[in-house]
Amino acid sequence: MVIAAELLGGIGLILGLWSRWVALVLLPIPLGLIYPHWSAGFFFSNAGGGWEFPAFWSVALIVQALLGNGAFALGRDR
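Quantities reported herein were computed from a predicted structural model and do not represent experimental measurements.

Caption draft 1: Region of the structure containing a nonpolar patch on the surface. Residues Leu-7, Leu-8, Ile-11, Ile-14, Leu-15 and Leu-74 make up a contiguous nonpolar surface patch of about 650 Å² in total accessible area. Residue position: Leu-8 is located in helix α1 (residues 2-15).

This is the structure we're talking about:
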């Protein structure tokens, strides 16, 4: 389910189809990844991986949800 969501959501974000909604739907995945990696520390290069990358990914999805579609998106926000 996660692989399918990430694959289809990534394609949707690249094409600019409902970018705000896709970003919001994908947001729980990286937020959920922060918890199991919390004990490994911040940096991704730590043993067991850190929570740096999922945190960055979460912030990027929030920014995408706030920005919406771009000028060349297939779906336009109205």
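Caption draft 2: Just the side chain of Ser-58, in detail. The residue Ser-58 is located in helix α4 (residues 52-67) in this model. Leave out the neighbours within four places in its chain, and Ser-58 touches Leu-27, Pro-30, Leu-31 and Ile-34.

Caption draft 3: Seen up close, the side chain of Ser-19. Note that Ser-19 resides in helix α2 (residues 19-26). By relative accessible area, Ser-19 is classed as buried at 2%. A distance of 2.5 Å separates polar atoms of two side chains, one belonging to Ser-19 and the other to Asn-69. Here Ser-19 is in contact with Leu-13, Gln-64, Gly-68 and Asn-69, once residues within four sequence places are set aside.

Definitions and cut-offs
- Here the residue numbering is sequential within each chain, running from 1 through the sequence in written order.
- Restriction of local features to residues with pLDDT of at least 70 applies here, the model being predicted, together with a cutoff of 80 or more for giving and counting side-chain atom pairs; totals for whole chains, interfaces and linings are based on all residues.
- Computation of side-chain values covers all heavy atoms of the structure but excludes hydrogens and water.
- Only residues whose relative accessible area exceeds 30% and that form no salt bridge enter a patch; like-charged residues are grouped when within 9 Å of one another, and nonpolar side chains (Val, Leu, Ile, Met, Phe, Trp, Tyr) when within 5 Å.
- The protein chains shown are the only cover counted for residues, whose accessible areas, like all others here, come from Shrake-Rupley with a 1.4 Å probe.
- Criterion for a salt bridge: a side-chain nitrogen of Lys or Arg within 4 Å of a carboxyl oxygen of Asp or Glu.
- Where helices and strands are cited, they refer to DSSP runs of H or I of at least four residues and of E of at least two residues respectively, numbered from the N terminus.
- Residues count as neighbours in contact if any of their non-hydrogen atoms are within 4.5 Å of one another.
- The rule is simple: take the accessible area with a 1.4 Å probe, protein chains only, and divide by the maximum for that residue type; under 20% is buried, over 50% is exposed, in between is partly exposed.
- In protein, a polar contact means a hydrogen-donor-capable atom and an acceptor-capable atom, both N or O and within 3.5 Å, with residues adjacent in sequence counting only if both atoms are side-chain atoms; elsewhere, any N or O pair within 3.5 Å suffices.

Everything listed is a geometric property; what it means functionally is a separate question.
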